[in-house]
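Residues per chain are reported as follows:
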Amino acid sequence: MQISVDGIVVKNPKATVRAKSELVYHRLPWKEPDAPHLLHVLYEDDDMIALRKPSGLQVLPGGLFQQRTVLTQLQWREACKPNCSSNQEMAHPVPVHRLGRGTSGVLLCAKTKLAKIRLAAYFADGTAVVKNSDSASARRKILKKYRALVTGIVEDDEVVIKQPIGMMNYHGVAKGLYVASPSGKPSLSKVNVLERDTEKHQTLVEVEIQSGRPHQIRIHLAFIGHPLLGDPLYDSGGQPKCFNSEVDDRNHAQDGGYQRPVNPVPGDCGYHLHAHQVALAQPITDVAMHVVAPLPSNLLMRKTAELHG
């Protein structure tokens, strides 16, 4: 029995809880799926850390992943340091932005409260000026470039996508699913073609984003008819492949009763997207920085891949 009030098991869902009553929820621990556990440090100073996040590792706890996350691994990393001071401004470094679970590449984390505030402001300011794209780059203190492999042949060498991104109700995603929507928030992505593979009918692109909407690159590339190769969720037009996601109603006692959606959700992996480069001003000293996460083999240009092979 999972819920008790003042030591008595409650079975009636309409039962009333009195003031000062003690409610206890006995949830079975769920078994978390396997996830990568190695975090590579690309840059570190007294204020921040830049990590290379592997594909398949979630940034913050949520859903089935509560321990196997970047945040938890950062906490373990700091706890294992021999000279860890109790007088630090923050107990543990924390991520200041997110990458999708299936996205690899540069992830920025703050080690002090001031660094966290300023890095968060970089991202917020960039999104705020996206309406005026001509001056956006000049005002931004952070610039992110991704590499992606998309389905189909992108004909134009350069594509600017300004499709707004909004939300729709979607079963299995409590707060709703982000999609291409005329009534959504302004969003801007600049796409440059790096290589076209006519034999495999796919294109390697570099994407610079000047706003940071959730799943922006996946949605924008799908919106122009070139979803990320292997993306289980988004289809052409920037909409989900399945509009009516169902929930698997089988018994999940071994993982605490967590019900998994049958149809795809944002955390599902399989797509090819890598946060390749981040240029920013160091949050305390304001010194210009450039952090690069090495590319996975599937996102190298063909000639480069042949040299590495």
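Heads up: the structure comes first, above all this text.
A brief look at the structure comes next. None of these values were measured; they are calculated from a predicted model.

### Some words on the overall build of the protein
For the protein, the count of helices and strands is five helices and 17 strands. Looking at the protein as a whole, 44% of its 309 residues qualify as buried. In the structure as shown, the protein presents an accessible area of about 17,000 Å², 52% of it carried by carbon and sulfur atoms.

### Some points on the sheet that holds strand S1 (residues 3-5)
Spatially, three strands are ordered S2-S1-S3 in an open sheet, and the strand pairing comes out antiparallel. The open sheet has two edge strands with one neighbour each: strand S2 (8-9) and strand S3 (23-25). With three bridges joining them, S1 and S3 adopt antiparallel strand pairing. Within S3, the residue paired with Val-5 across the bridge is Leu-23.

### A closer look at the pattern of salt bridges
A full pass over the atoms with the stated rule returns seven salt bridges. Ionic pairing is found between Arg-196 and Asp-157, a salt bridge with its closest N-O pair at 2.8 Å. With a gap of 39 residues between them, Arg-196 in strand S12 (residues 189-197) and Asp-157 in the loop between strand S8 (142-151) and strand S9 (158-161) connect regions that are remote in the sequence.

### Topic: helix H4 (residues 216-223)
Most of H4 is tucked away: seven of the eight residues are buried. Residues of H4 that are buried: Gln-216, Ile-217, Arg-218, Ile-219, His-220, Leu-221 and Ala-222. Where H4 terminates, the next one or two residues include Gly-225, which has phi positive at roughly 90°.

### Notes on the environment of Ile-209
When you line up the elements, Ile-209 lands in strand S13 (residues 202-209). Spatially, the C-alpha atom of Ile-209 lies 4.5 Å from that of Ser-189, the residues being 20 residues apart in sequence. Residues in contact with Ile-209, not counting those within four places in the same chain, are Arg-140, Lys-144, Tyr-146, Leu-188, Ser-189, Gln-216 and Ile-217.

### Quick notes on the nonpolar core
Membership of the largest hydrophobic core comes to 26 residues, with the highest contact counts inside it found for Tyr-146, Val-205, Val-207 and Leu-221. Beyond its immediate chain neighbours, meaning those up to four positions away, Tyr-146 contacts Leu-99, Thr-103, Val-205, Glu-206, Val-207, Ile-209, Ile-217, Leu-273, His-274, Ala-275 and His-276.

### Details of unusual backbone geometry
At Lys-20, a position not held by glycine, the phi torsion is positive, near 70°. Tracing the backbone through its elements, the reader meets Lys-20 in the loop between S2 and S3. One non-glycine residue with positive phi stands out, namely His-201, at about 55°.

### Topic: a nonpolar patch on the surface
A surface patch of nonpolar side chains, about 380 Å² in accessible area, is lined by Ile-3, Val-17, Leu-23 and Tyr-25. Tracing the backbone through its elements, the reader meets Val-17 in the loop between S2 and S3.

### Observations concerning the pairing of strand S11 (residues 173-180)
Sheet topology note: the strand S10 (residues 165-170)/S11 ladder contains five bridges and is antiparallel. Residue Met-168 lies in a different strand from S11, and its bridge partner there is Leu-177. Between S10 and S11, which pair antiparallel in sequence order, lie two residues; one of them, Gly-172, sits at a positive phi of approximately 100°.

### Comments concerning the environment of Trp-76
Locating Trp-76 in the fold gives a position in helix H1 (residues 70-79). For the pair formed by Trp-76 and His-92, sequence separation is 16 residues and the distance between their alpha carbons is 9.0 Å.

### Comments concerning the pairing of S12
As paired strands, S9 and S12 are joined by four bridges and run antiparallel to one another. Directly across from Ile-161, in S12, lies its bridge partner Ser-189. As judged from the eight bridges shared by S12 and S13, these two strands associate in the antiparallel manner. Paired with Glu-195 across the two strands is Leu-204, which belongs to S13.

### Section: the side chain of Thr-72
Structurally, Thr-72 is set in helix H1. Assessed through its relative accessible area of 5%, Thr-72 is described here as buried.

### Some details on H1
For H1, every residue scored as buried is listed here: Val-70, Leu-71, Thr-72, Gln-73, Leu-74 and Glu-78. Residues of H1 that are buried in the fold lie against strand S5 (48-53), strand S6 (94-95) and strand S7 (104-110).

### Things to note about the side chain of Asp-197
Position of Asp-197 relative to the elements: it lies in strand S12. What makes Asp-197 buried here is its relative accessible area of 11%. At a separation of 3.1 Å, a polar atom in the side chain of Asp-197 contacts the main-chain amide nitrogen of Lys-200. Not counting the four nearest positions on each side in its chain, Asp-197 is found in contact with Ile-153, Gln-202 and Arg-302.

Thresholds, definitions, all that
Residues numbered from 1 in each chain as written. Predicted model: local features only at pLDDT ≥ 70, side-chain atom pairs only at ≥ 80, totals over all residues. Heavy atoms only, no water. Helix = DSSP H or I, 4+ residues; strand = E, 2+ residues; numbered from the N terminus. Buried < 20%, exposed > 50% of the residue type's maximum accessible area, 1.4 Å probe, protein only. Areas by Shrake-Rupley, 256 points an atom, 1.4 Å probe, with all protein chains shown as cover. Pairing = 2+ DSSP bridges. Salt bridge = Lys/Arg side-chain N within 4 Å of Asp/Glu carboxyl O. Contact = heavy atoms within 4.5 Å. Core = buried A, V, L, I, M, F, W, Y, C linked by side-chain atoms within 4.5 Å. Patch = residues over 30% accessible without salt bridge, like charges linked within 9 Å, V, L, I, M, F, W, Y side chains within 5 Å. Polar contact = N/O pair within 3.5 Å; in protein donor to acceptor, adjacent residues only side chain to side chain.

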